[in-house]
Each structure stands twice: as C-alpha cells, then as structure tokens.
There are 2 protein chains.
Amino acid sequence: MAKWSTPEPMKRALQLAQEAASAGEVPVGAVVVKDGKVVGEGHNLTRTHHDPTAHAEIVAIRAAAAALGDERLTGCDLYVTLEPCPMCAGAISHARIGRLYYGASDPKGGAVEHGARVFQQVQCLHRPEVYSGLGEGEAAELLRGFFAERR
Amino acid sequence: MAKWSTPEPMKRALQLAQEAASAGEVPVGAVVVKDGKVVGEGHNLTRTHHDPTAHAEIVAIRAAAAALGDERLTGCDLYVTLEPCPMCAGAISHARIGRLYYGASDPKGGAVEHGARVFQQVQCLHRPEVYSGLGEGEAAELLRGFFAERR
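Residues numbered from 1 in each chain as written. Chains lettered and ligands numbered in written order. Predicted model: local features only at pLDDT ≥ 70, side-chain atom pairs only at ≥ 80, totals over all residues. Heavy atoms only, no water.

Some remarks on the sheet that holds strand β4 (residues 99–104) of chain A
Residue and element names in this part refer to chain A.
Okay, step 1: Here we have five strands laid out as an open sheet, ordered β2-β1-β3-β4-β5, and mixed in their pairing. Both outer strands of the open sheet, β2 (37–43) and β5 (129–132), are each paired with one neighbouring strand and no more. Averaged over all neighbouring strand pairs, the angle between strand axes comes to 15°, with direction disregarded.
Okay, step 2: Here strand β1 (residues 29–34) pairs with strand β3 (residues 76–82) via five bridges, running antiparallel. By the bridge assignment, V31 is partnered in β3 with Y79. (Pairing = 2+ DSSP bridges. Helix = DSSP H or I, 4+ residues; strand = E, 2+ residues; numbered from the N terminus. Axes fitted to C-alpha atoms, helices over the stretch in contact; angles between N-to-C directions.)

Next comes the structure, spelled out in structure tokens:
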C-alpha cells in the first residue's frame, strides 16, 4: 500500500514539538498556513511564559493574526501535532480556520473527537474541515518520551 | 425579599465591559481576584489587537498569570460578565481558577451551562466552583445595547 508522506507544515509542527520538549515544555507544535506559506507558528510555552493559555495552537493563531493584521484567519489552515483541547478548538473556531490537520488523537484532553466535541455543538458558529492522523506516530512518540522522562 | 448587592469585582467587570463597548469591542469584562485583591483584569480586545483569542477572560487570566509569575492561578477567582465560551472555559480549567462567577447566561455561545459544557466532561481535570447570575441584568443590557446599535 502506498504510504503518503507527512505534509511539510506537519513536519514543521513536529520540529516545533521537538523544540518544545528541549525547552521543558509539553511537546506540541502548531503551524498556520495561508496560500502555501507559513504565517504563524509556535509550540507550547505555558511554563516559559507563565501563561496557561500558551498552547501551541493559541501561540500560532495569535502570531498569524498579528502578522496578517486580522482577527479572522479566513483561508488559513492549522497543522498541530495533537488533537486540540476545548480552549484551542474554541480558538480555532473563533479564528475561522478553514482546515484543521492534527497528528495524534488525545482521548484524555482532546475536544474534537472526544469530550466536549466543540465543533459538533449546535452553537459552534464556524467548523473547520478536520483531518487527523498525519504524523501521528512521531507526534505520539514525542509525548510518550517526554512524560516517560518525567515519571 | 432582600436583594444582594453586586460584589465589587463584578462591578469592576461591568465597568470594563462598558469600556469595551466604548472601544467598539463586544462588551464583556473580566477580573481575576486573589485574597480580595485584583491581580488581573481585562475586556474583549479581539478587534483592537487583531487577536481572536483576546476575550475578556483570556486577557484577565494572562494578565494575572504574568503578574503572579505562575501559569497556575491556584486560589484565584474569576468574575466575568458573560457565561464563558468553550475557549475561555478551557482556559479557566487550565489556569486552575477556584471559583467562577459570571453574570449573563449565554445560550448562543456559552459552554458552562450550554453546548460543550466543558466542566462537565469526564476529561476536565480541574472544575471551578460556578456561581451565575451576579449582575446579569446589567451585563445583558450592555450586550443588547451594543448589538442593537450595530443592526
């Protein structure tokens, strides 16, 4: 069976996740892409910045919105190594992200296919197209390694 | 019947909501309190800052975490004029807010007693105590007035 290679933005997100781990942050990375170009990226920075909202997706979305000078990231796609939590899923909806690509599924904290299922609520005003599983092996391995070291 | 007066932090949150309206932002205000002192506050700034994550709660939580130098706001309470959305409810949980006081209920966008019901999910690692209805009349009136002007 043909194996699709991991898209470039997800490779970059995985690289950012690795940088997060090196900085002692939970290894999750995210990249916002518009017309094939990266317009915002980031990794978890909650410890470094003393900011409970500084998940990879929020960091990348804020950077992209600042760079584009627009609170709405219409026509932008988000690549993130882990299934977004309720906070990040909410931010993705507010930002009007067109397509969401995520790596590893997160039964413990995810809110796309688990728990709060933010995009499936009738109140959700904007739902991105969702694609999962891209680079999930590497994304999950980074997380396992990080938490195993800390046990 | 005795009528309880609105607590001081909620009065301040309502004042911040009024400031938001004057700045052309959706009138929601939030205040983080620790040991009876305000340690962070804010109002919606999504338009001004080109930041889709800049809801009142996020602004106040980020300010408080920066001021205290800690990503966890243990022992802090949050007062906000409107029921938090999924993004803000998620942030409240991540920040370990002890008590959440909110004014108006929000059937269209709220995620505490509506929709995603973030704190009621089994995955939710930290649930604040929740008190609603404080100053709700004034909070709702500010929102009604703001949107009526824009129709």
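Structure's up, so let's keep going.
So, helix α1 (residues 8–22) of chain A
Residues and elements named next belong to chain A.
Okay, step 1: Over its 15 residues, α1 runs 21 Å from end to end, which matches the ideal 21 Å to within 8%, given 1.5 Å per residue.
Okay, step 2: What α1 keeps buried is the set P9, M10, A13, L14, L16, A17 and A20. In a view along the axis of α1, the buried residues occupy a sector of 160°, so they form one face of it. Looking at α1, the residues exposed on the side facing more than 90 degrees away from the buried face are E8 and S22.
Okay, step 3: In this fold, the buried residues of α1 make contact with β1, β2, β3, β4 and α4 (136–149).
Okay, step 4: Trailing α1 by a residue or two, G24 shows a phi angle of about 80°, which is positive. (Expected span 1.5 Å × (residues − 1). Buried < 20%, exposed > 50% of the residue type's maximum accessible area, 1.4 Å probe, protein only. Arc of directions from axis to C-beta. Contact = heavy atoms within 4.5 Å.)

Section: the nonpolar core
Okay, step 1: Counting residues in hydrophobic clusters, the biggest one holds 90 residues, and the most contacted among them are V32 and L73 of chain A together with V32 and L73 of chain B.
Okay, step 2: If we ignore the near neighbours within four places in the chain, the residues touching V32 of chain A are K37, V38, V39, G40, A60, I61, A64, L73, C76, D77 and L78 of chain A. (Core = buried A, V, L, I, M, F, W, Y, C linked by side-chain atoms within 4.5 Å.)

Focus: the interface of chain B and chain A
Okay, step 1: Contacts between chain B and chain A engage 31 residues on the former and 31 residues on the latter.
Okay, step 2: For the pair chain B and chain A, the summed buried area comes to about 2,400 Å², and 60% of that belongs to carbon and sulfur atoms.
Okay, step 3: On the chain B side of the interface with chain A, the three residues burying the most area are P52, E71 and Q123 of chain B, jointly 26% of the side's total.
Okay, step 4: Of the charged contacts in the structure, one is a salt bridge between D51 of chain A and R62 of chain B, with a shortest N-O distance of 2.8 Å.
Okay, step 5: Scanning the region where chain B abuts chain A turns up eight residue pairs in polar contact (both at pLDDT 80 or more).
Okay, step 6: Secondary-structure elements contributing two or more residues to the side of chain B that touches chain A are α2 (56–68) and α3 (86–94) of chain B.
Okay, step 7: Taken together, the residues of the side of chain B that touches chain A sort by class into 13 nonpolar, twelve polar and six charged. (Buried area = accessible area lost by both parts, 1.4 Å probe. Salt bridge = Lys/Arg side-chain N within 4 Å of Asp/Glu carboxyl O. Polar contact = N/O pair within 3.5 Å; in protein donor to acceptor, adjacent residues only side chain to side chain. Nonpolar A, V, L, I, M, F, W, Y, C, P; charged D, E, K, R; others polar.)

A short note on the packing of helix α3 (residues 86–94) of chain A against α3 of chain B
Okay, step 1: Packing of α3 of chain A against α3 of chain B leaves a shortest axis separation of 7 Å and a crossing angle of 150°. Considering their axes alone, α3 of chain A and α3 of chain B lie roughly antiparallel with respect to each other. Crossing geometry of α3 of chain A relative to α3 of chain B is assigned as left-handed. Across from P86, M87, G90, A91 and H94 of chain A in α3 of chain A, the residues of α3 of chain B making contact are P86, M87, G90, A91 and H94 of chain B.
Okay, step 2: Residue classes in the contact of α3 of chain A with α3 of chain B are distributed as six nonpolar, four polar and no charged. (Parallel < 35°, antiparallel > 145°, perpendicular 65-115°, else oblique. Left-handed = near helix turned anticlockwise from the far one by under 90°.)

Re the UniProt feature "binding site: Zn(2+)" (unreviewed entry) in chain A
Okay, step 1: UniProt records the feature "binding site: Zn(2+)" (unreviewed entry) at H55, C85 and C88 of chain A, using the numbering of this structure. For the residues just named, distributed over 34 residues, the greatest C-alpha separation is only 9.3 Å, placing them together at one site.
Okay, step 2: With respect to the secondary-structure elements, H55 of chain A resides in the loop between β2 and α2 (56–68).
Okay, step 3: Residue H55 of chain A is classed as buried on the basis of its relative accessible area of 16%.
Okay, step 4: With residues up to four places along the chain from it excluded, the contact list for H55 of chain A reads N44, T46, C85, M87 and C88 of chain A together with H94 of chain B.
Okay, step 5: Relative to the helices and strands, C88 of chain A is located in helix α3.
Okay, step 6: Leaving out residues up to four positions away in the same chain, C88 of chain A has contacts with H55, E57 and I58 of chain A. (UniProt positions renumbered as here; feature names shortened; annotations may be inferred.)

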